[in-house]
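# An overview of the molecular structure
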Amino acid sequence: MASRRTPTRSCSAIRGVDPELAVTASGTGSTILSGPYFLLRIIGSLATGLGLLALVLAMAGLYGVLSHLVARRTREIGIRIAVGADRSRIFALILRDGLRPVVKGLVLGLGAGVLVRFALRAAVFTEISPVDPLVFGLVPIPFVIAALAACYVPASRASRVDPNVALRDL
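Residues numbered from 1 in each chain as written. Predicted model: local features only at pLDDT ≥ 70, side-chain atom pairs only at ≥ 80, totals over all residues. Heavy atoms only, no water.

## Examining the nonpolar core
Note the cut-off: Note on terminology: a nonpolar core comprises buried Ala, Val, Leu, Ile, Met, Phe, Trp, Tyr and Cys residues joined through side-chain atoms within 4.5 Å. Each residue gets one of three labels from its accessible area relative to the maximum for its type: buried under 20%, exposed over 50%, partly exposed in between, using a 1.4 Å probe on protein chains only. Numbering goes from the N terminus for both helices and strands, where a helix is a DSSP run of H or I of at least four residues and a strand is a run of E of at least two. Whether two residues are in contact is decided by their heavy atoms, any of which lying within 4.5 Å being enough.
Formed by 18 residues in total, the largest nonpolar core has its most connected members in Leu62, Ile77, Ile94 and Ala158. Taken together, the elements giving at least two residues each to this core come down to helix H3 (38-72), helix H4 (74-83), helix H5 (87-123) and helix H7 (140-159). When residues of this core are assigned to their parent elements, the largest contribution, six residues, is made by H5. Contacts of isoleucine 94, omitting those with residues within four sequence positions, involve Leu66, Leu69, Val70, Arg73, Ile77, Pro154, Ala155 and Ala158.

## Things to note about a nonpolar patch on the surface
Just so we agree on the cut-off: What goes into a patch is any residue over 30% in relative accessible area without a salt bridge, connected to like charges within 9 Å or, for nonpolar side chains (Val, Leu, Ile, Met, Phe, Trp, Tyr), within 5 Å. Only the protein chains shown count as cover for residues, with accessible areas throughout obtained via the Shrake-Rupley method and a probe of 1.4 Å. Salt bridge criterion: a side-chain nitrogen from Lys or Arg within 4 Å of a carboxyl oxygen from Asp or Glu.
On the surface, a cluster of nonpolar side chains totalling about 620 Å² of accessible area is made up of Tyr37, Phe38, Leu39, Leu40, Ile42 and Ile43. Residue placement: leucine 39 occurs in helix H3.

## Structural notes on the side chain of serine 159
With respect to the secondary-structure elements, serine 159 resides in helix H7. By relative accessible area, which is 9% here, serine 159 ends up buried. With residues near it in sequence (within four places) discarded, serine 159 still touches Ile81, Arg87, Ile90 and Phe91.

## Some details on the packing of H4 against H5
Here is the rule: Only the stretch in contact is used when a helix axis is fitted, and all axes are lines through C-alpha atoms; the angle between N-to-C directions ranges over 0 to 180 degrees. If an angle is under 35 degrees, it is roughly parallel; if it is over 145, roughly antiparallel; if it lies from 65 to 115, roughly perpendicular; otherwise it is oblique. For any helix crossing, the convention is left-handed if the near helix is rotated counterclockwise from the far helix by under a right angle, and right-handed if that rotation is clockwise. Residues are grouped as follows: Ala, Val, Leu, Ile, Met, Phe, Trp, Tyr, Cys and Pro are nonpolar; Asp, Glu, Lys and Arg are charged; all remaining types, including Gly, are polar.
Two elements in contact, H4 and H5, have axes separated by 10 Å at closest approach and are oriented at 150°. Classed by the angle they form, the pair H4 and H5 counts as roughly antiparallel. The two elements H4 and H5 cross, and the hand of that crossing is right-handed. On H5, the residues touching Ile77, Arg80 and Ile81 of H4 are Arg87, Ile90, Leu93 and Ile94. Along the lines of polarity and charge, the residues of the contact of H4 with H5 split into five nonpolar, no polar and two charged.

## Focus on H5
As a reminder of what qualifies: Here the expected span of a helix is defined as 1.5 Å times the quantity of residues minus one. Bend at a residue means the angle formed by two fitted axes: the first through the 7 residues ending at that position, the second through the 7 residues beginning there.
The first and last C-alpha atoms of H5 sit 54 Å apart over 37 residues, in line with the 54 Å expected at 1.5 Å per residue. At leucine 99, H5 shows its strongest bend, of approximately 30°, with the proline proline 101 following within four residues. Among the residues of H5, Ile90, Leu93, Ile94, Leu95, Gly98, Leu99, Val102, Leu106 and Val114 are the ones counted as buried. Buried residues along H5 sit against H3, H4, helix H6 (133-138) and H7.

## Description of the environment of phenylalanine 143
Tracing the chain through its elements places phenylalanine 143 in helix H7. Between the alpha carbons of phenylalanine 143 and methionine 59 there is a distance of 9.1 Å; along the sequence they are 84 residues apart. Beyond its immediate stretch of four places on either side in the chain, phenylalanine 143 contacts Leu55, Val102 and Leu106.

## Topic: H3
When the terminal C-alpha atoms of H3 are compared, their 51 Å separation across 35 residues agrees well with the 51 Å that a helix rising 1.5 Å per residue should span. By the burial criterion, the buried members of H3 are Leu62, Leu66, Ser67 and Val70. Against the buried residues of H3 lie H4, H5 and H7.

In structure tokens, the structure reads:
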């Protein structure tokens, strides 16, 4: 059962100006939201924390996979450098290999987001825009930055491979 708040003095002042307004409570945003929306704030904080944890775990996984890929491809990278490939091209090759699944995941995730927003728009009669350019432009930024951070060390390690050491065991 929802508890009713008693009208505050500012509610009475608002009703004095316009008695037709439906004002039940007034105050600062944090005061009003601390009451009935407390559980939603807790759930939102928990979702944010779990999302950050998932992002860190994804970065660790991407770093591990790329490190393993560089270790397995050391001879190939050594041959590329011996033949004349620039270290910047080797860096870009490994970076591209690491970013490819991230970009595919972002495209699939944003596409699924558009479909879900269309479904929500049909089910819940609200004015939800199915494609919000600001959101769809800002959401990928932390994922791409995290992927670049995870790919940087393996890519720089691959670009510093010494061809003599890499080809010694052939």
